[in-house]
Amino acid sequence: MSKYLLIMRGTDESNAALMADIEELMARTHRFIEETVKAGVLLAAEGLDDPAQGVVVDFSGETPVVTDGPYGETKELFGGFFLLDVASKEEAVEWAKRVPAAPGSKIEIRRVPGSDEVPQVGE
Amino acid sequence: MGTADVEAVWRIESARIVAALTRFTGDFGLAEDAAQEAVAEALVSWPLAAPANPAGWLMATARRRAIDAIRRRTALQDRYALLAADSTADSAVDEEIDPDRIDDDVLALMFVSCHPVLSPEARVALTLRVVGGLSSEEIARAFLVPVPTVQARITRGKKTIAAAGVPFELPPAAERRERLGGVLSVLYVIFTEGSTATSGDRLLRPDVAYEAIRLARTLAALQPDEPEVHGLLALCELTAARFPARTGPDGSPVLLDEQDRRRWDFSAIRRGLAALARASARGLGPYGLQAAIAAVHASAPSVEATDWDRIVVLYEALGRVAPSPVVELNRAVAVAMASGPEQALAIVDELIAADRLPGSHLVPTVRGELLARLGRRPEARAELELAARLCANQRERSVLLRKAAALS
């Protein structure tokens, strides 16, 4: 048993495809959330605003530098997440396959280590 | 697809498949057998060719196995019944699960798995198997019993359900509250097995506790208006939040006053407090009160800065709604913290005089601690040694012996 973060990565095209039918997207997302709640696995879920509206705080220099706009040059931008508490990585993958998504988008799955995995003094 | 992938789909789908098949066949045992046959087939065929829709494949295969079983059975009984069962079974069992009905069916499945006609062991095994989607091997590992024992409990359980003619439906309103209490106590037994392992060499088995939390979340989603469901969920979340701090690097127990509270799982505490708020809607029941006690600990920066007066009050309330010697003993511990060991010792001695917890290592454990605080060292040592002899968990026993030795 472990927590996994399902990180939604969309391109401009895939985001546009999803937003083209917002009713359909909302209905499918609602169904997915309901299913994960009833399965006892959903801990948190959020969708993010347009990356162009984002701000980046860059710590490369001596003092943090703030720039407007999306993060870096990557084509696939972080658009939202689901945090699941599941029995295995395979189960996280199976749920990820059921997330409402559009062609061109990707879901990155990352395990969230528990605080019991932080090394203790004496280890 | 590998075994772990098949198991993952099964984990997600099993309760709904067994519930839907039980609804259509009216036979819980048959539905469970058919679902198990389907997953066994999946374990063989999916690694060779993965289906496009794994969930639909499982449902369709389980349905076919159920129909096969009905045909075999009715062929033995009555030719006319065969025809009747054949036509209803084929038309009634759809490929897709009816979303409007399935929640009630999964809930009914929980009530059947925790039915009072079953032995407590069978309730636990059936709940983990049919609602949780665990294999017999996983259940055996969780409860430290041999696999054939688990299989026998499940087989016997299914026969008991059939023999008693338990209907597949939600309990009638008059029995609902009591039956729900039965379901909650099964989930609590599973959680407790993970949070204070009754035997074996490990203090905690978080995987077992996780199964209970997952099932409690499902129940809370299906019965959102039942405060005690949220109370149990809150209790589990708040207790599990302390797991990361409860064992040291070598697996030995770390008691509350020595725990590094920075290691507590703060998102679990937040979930627990949210569930407790929902449990408080109409006054707290026994699980809600225990959760409220856990919440006081979870919100305290240290043992010294804990609101022990509030914990005493909560234990008094718990003693009124669910009187038990264990609650009395815990109240004694809280009283010791709030008002000193003298008053607490009086409560413990009353328990001993009434012989209300015979053979438990907890009474001499607490009595020994109180005597030690009162400076009565030889008596304290004798009590802790007695506690160690009575304790079945090896990890706890070694802590007791260490404390006793420190008093000599």
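About the criteria used
- Residues numbered from 1 in each chain as written.
- Chains lettered and ligands numbered in written order.
- Predicted model: local features only at pLDDT ≥ 70, side-chain atom pairs only at ≥ 80, totals over all residues.
- UniProt positions renumbered as here; feature names shortened; annotations may be inferred.
- Helix = DSSP H or I, 4+ residues; strand = E, 2+ residues; numbered from the N terminus.
- Pairing = 2+ DSSP bridges.
- Axes fitted to C-alpha atoms, helices over the stretch in contact; angles between N-to-C directions.
- Buried ≥ 20, exposed ≤ 12 C-beta atoms within 10 Å, placed from the backbone.
- Contact = placed C-beta atoms within 7 Å.

> With reference to specific residues and values, describe the UniProt feature "domain: RNA polymerase sigma factor 70 region 4 type" (unreviewed entry) in chain B.
As annotated in UniProt, the feature "domain: RNA polymerase sigma factor 70 region 4 type" (unreviewed entry) corresponds to residues 111–160 of chain B in the numbering used here. Between the first and last C-alpha atoms of residues 111–160 of chain B the distance is 14 Å; the span itself is 74% helix and 0% strand.

> Outline the UniProt feature "domain: YCII-related" (unreviewed entry) in chain A, supporting the account with residue identities and numerical values.
Those places that UniProt annotates as "domain: YCII-related" (unreviewed entry) correspond, in this numbering, to residues 7–112 of chain A. Annotation note: span residues 7–112 of chain A, helix share 33%, strand share 33%, distance between end C-alpha atoms 12 Å.

> Could you give me a rundown of the sheet that holds strand β2 (residues 42–47) of chain A, with the residues and numbers involved?
Residues and elements named next belong to chain A. On the basis of which strands lie adjacent, the open sheet formed by 4 strands has the order β2-β5-β1-β6 and antiparallel pairing. At either end of the open sheet lies a strand with only one pairing partner, and these are β2 and β6 (106–112). Within the sheet, the average angular offset between the axes of one strand and its neighbour, ignoring direction, is 20°. Bridging between β2 and strand β5 (residues 77–86) involves 5 bridges; their strand directions are antiparallel. Paired with glycine 47 across the strands is glycine 80, a residue of β5.

> How would you sum up unusual backbone geometry? Please name residues and give values.
Most peptide bonds take the trans form, and the phi angle of most residues other than glycine is negative. Residue and element names in this part refer to chain B. One non-glycine residue, leucine 144, adopts positive backbone phi at about 50°. Within the secondary structure, leucine 144 sits in the loop between α7 (136–143) and α8 (147–163). A tally of 14 C-beta atoms within 10 Å means that leucine 144 is categorised as partly exposed. Phi at aspartate 355 takes a positive value of approximately 50°, unusual for a residue other than glycine. Note on placement: aspartate 355 falls in the loop between α17 (341–353) and α18 (362–373). Given 10 C-beta atoms within a 10 Å radius, aspartate 355 is considered exposed.

> Account for the environment of Gly104(A), with residues named and values stated.
Residues and elements named next belong to chain A. Mapped onto the elements, glycine 104 comes out in the loop between α3 (89–97) and β6. With 28 residues separating them along the chain, glycine 104 and glutamate 76 place their C-alpha atoms 8.9 Å apart. With residues up to four places along the chain from it excluded, the contact list for glycine 104 reads Thr11, Glu13 and Ser14.

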